[in-house]
Amino acid sequence: MNKAQVYVGLDIGTTAIRVIVGEAVNDQLNVIGVGSERSQGLKDGVIVDIDKVVTATKKAVQQAQTKANLKFDQVVVGIPAKDLTIEPARGMVIVADQPKEVTEVEVFNVATATLSRSVPPEREIVGITPEQFIVDGQSNIIDPRGMSAVRIELEALVYSVPRIVVNNIRKVLEKVGLKLKHFVLNPLALAQVALNDGEQDFGTVLIDMGGSQSSAYVIHDHQLKFVSVDDEGGMNATKDVSIVLNTSVSNAEKLKRDYGVADPDQTSASEKFPVAVVGKDDPVMVDETYLSEILEARFEQIFQRLDQTLDQVNALDLPGGIVLTGGVAETEGIDTLAARFFPQGVRIYAPKEMGIRNASFATSLGLLVYASRLSEIELLVTSVINKRALNDTKSQRVEAPRAKTNDEIEQDREVKQANDDQHQQTEAPKKSLRSFFSKFFD
């Protein structure tokens with residue numbers, strides 16, 4: 001029976017910070033804790049106020065620990081795809097003068113050689129996806145360990161982002177008291193849960209509709225091939241409602257969530273609701289269709305821009321069609337509106353796990369799934385970047401401390417007293433044994 005392992009995913013989003021705790025037992029991942037806190041201190045997916053992000057992250061972590069009934073200090077953290085660069089890379093190392101068995105050392109060395117490329121000082125490599133190993137000219141090798149070779153090569157895709165993004169996330173983790181297990185690009189995490197094996201293989205466009213931006217990811221051959229980020233999202237639609245209806249932003253957000261429909265054809269002008277208008281004592285009645293037309297205008301602009309960008313790289317010809325996810329994808333009628341721009345077929349993905357059945361939890365769930373599915377060779381390659389990938393791959397379950405009873409406290413006191421009484425008699429032998437074992441294990 002496999003020992004249960006715990007994975008913790010941290011998604012630092014513009015509108016919310018989400019933490020999901022998953023426990024893997026016999027190759028099955030179960031969600032056992034969730035934390036979600038409205039975020040502050042981010043703009044367009046980038047941290048601009050570390051202290052505010054730290055405060056919200058602490059609350060989300062505490063919620064997740066309480067619900068999961070365990071403590072954790074290691075997390076898999078998502079990296080936003082804004083300003084992401086994807087580049088092919090190749091490395092080669094000599095194993096020996098004569099054929100010699102390839103070990104983990106050679107794999108690590110060839111991965112290091114693959115990343116030896118120079119990057120601008122303002123950017124940092126955050127991910128590497130191996131495409132194939134080449135062993136003495138033989139290509140399409142998935143795992144070269146155990147093979148005899150003179151040289152091995154690695155072809156991979158390398159991902160980099162602005163260094164400030166990574167540094168700010170590390171500072172947040174440090175102040176919250178968390179250790180970085182490894183970074184995972186948000187689109188790679190999403191693909192693990194939102195797309196099936198065929199969609200990842202033959203090609204699909206995944207659109208993550210967030211609060212401040214809408215990101216389109218092209219997944220093909222199980223790899224991230226292209227990214228397009230539009231700097232508009234759900235918050236822009238909320239501001240539109242606020243301006244047009246002359247109501248506060250908080251009221252506009254509530255109206256959007258309670259009555260918002262992206263496609264006016266699915267609404268009725270006879271269905272009305274009250275709106276608190278600035279400068280008026282009595283609420284004004286607004287019909288459902290009018291609100292929908294406000295939302296439609298903004299969403300159409302987003303889809304139109306993404307459509308133009310995706311068309312330039314022929315991504316719309318991929319057989320997998322379009323998959324919408326993210327919090328804005330929960331808007332009623334968003335799929336039918338998107339279908340006007342993407343006739344290839346549109347569907348919505350939202351997690352089905354209890355407690356997170358909302359598309360806004362897709363990324364944080366994807367982080368867990370991605371980490372739990374990494375193969376040994378993938379972990380070995382990524383350990384060149386993520387130093388804890390091998391040593392601390394899986395968080396061990398640590399139960400939350402239980403308050404001791406009075407009897408247990410008294411028993412501890414008696415044991416301590418007994419140990420103190422024998423301390424003088426055994427001090428010298430103990431020092432000798434400690435010295436022996438210390439030298440032995442060194």
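As shown above, the structure is provided for reference.
Residues numbered from 1 in each chain as written. Predicted model: local features only at pLDDT ≥ 70, side-chain atom pairs only at ≥ 80, totals over all residues. Heavy atoms only, no water.

### Things to note about the nonpolar core
Counting residues in hydrophobic clusters, the biggest one holds 68 residues, and the most contacted among them are L10 and F72. The element best represented in this core is helix α1 (residues 50-68), accounting for eight residues. Sequence-distant contacts of L10, that is, excluding residues within four places in its chain, are made with I17, R18, V19, T57, V75, V76, V77, G78, L173, L178 and L367. (Core = buried A, V, L, I, M, F, W, Y, C linked by side-chain atoms within 4.5 Å. Buried < 20%, exposed > 50% of the residue type's maximum accessible area, 1.4 Å probe, protein only. Helix = DSSP H or I, 4+ residues; strand = E, 2+ residues; numbered from the N terminus. Contact = heavy atoms within 4.5 Å.)

### Section: unusual backbone geometry
Residues other than glycine seldom take positive phi values, yet D136 does so here, at roughly 50°. Along the chain, D136 turns up in the loop between β10 (123-135) and β11 (138-141). D136 sits in the partly exposed class, given a relative accessible area of 36%. Even without glycine at this site, H222 takes up a positive phi of about 65°. Assignment of secondary structure puts H222 in the loop between β16 (214-220) and β17 (223-230). Assessed through its relative accessible area of 37%, H222 is described here as partly exposed.

### Digging into a negative patch on the surface
Taken together, the side chains of E131, D197, D201 and D221 define an acidic patch exposed on the protein surface. Relative to the assigned elements, D221 resides in the loop between β16 and β17. (Patch = residues over 30% accessible without salt bridge, like charges linked within 9 Å, V, L, I, M, F, W, Y side chains within 5 Å. Areas by Shrake-Rupley, 256 points an atom, 1.4 Å probe, with all protein chains shown as cover. Salt bridge = Lys/Arg side-chain N within 4 Å of Asp/Glu carboxyl O. Lys, Arg positive; Asp, Glu negative; His and termini not counted. Charge placed at Lys NZ, Arg CZ, Asp CG, Glu CD.)

### A few points about α1
Across its 19 residues, α1 extends 26 Å between first and last C-alpha, which sits within 8% of the 27 Å expected from 1.5 Å per residue. Of the residues making up α1, those classed as buried are I50, V53, V54, A56, T57, A60, V61, A64, Q65 and A68. For α1, the capping residue at the N-terminal end is D49, with a side-chain oxygen 3.3 Å from the backbone nitrogen of D51. (Expected span 1.5 Å × (residues − 1). Polar contact = N/O pair within 3.5 Å; in protein donor to acceptor, adjacent residues only side chain to side chain.)

### Remarks on the pairing of strand β14 (residues 179-185)
Counting buried residues along β14, five of its seven residues qualify, which places the element largely inside the surrounding structure. Two strands pair when backbone bridges link them, and strand β7 (residues 74-79) and β14 are joined in this way by six bridges, in the parallel orientation. By the bridge assignment, Q74 is partnered in β14 with K179. (Pairing = 2+ DSSP bridges.)

Just geometry here; none of it tells us what the structure is for.
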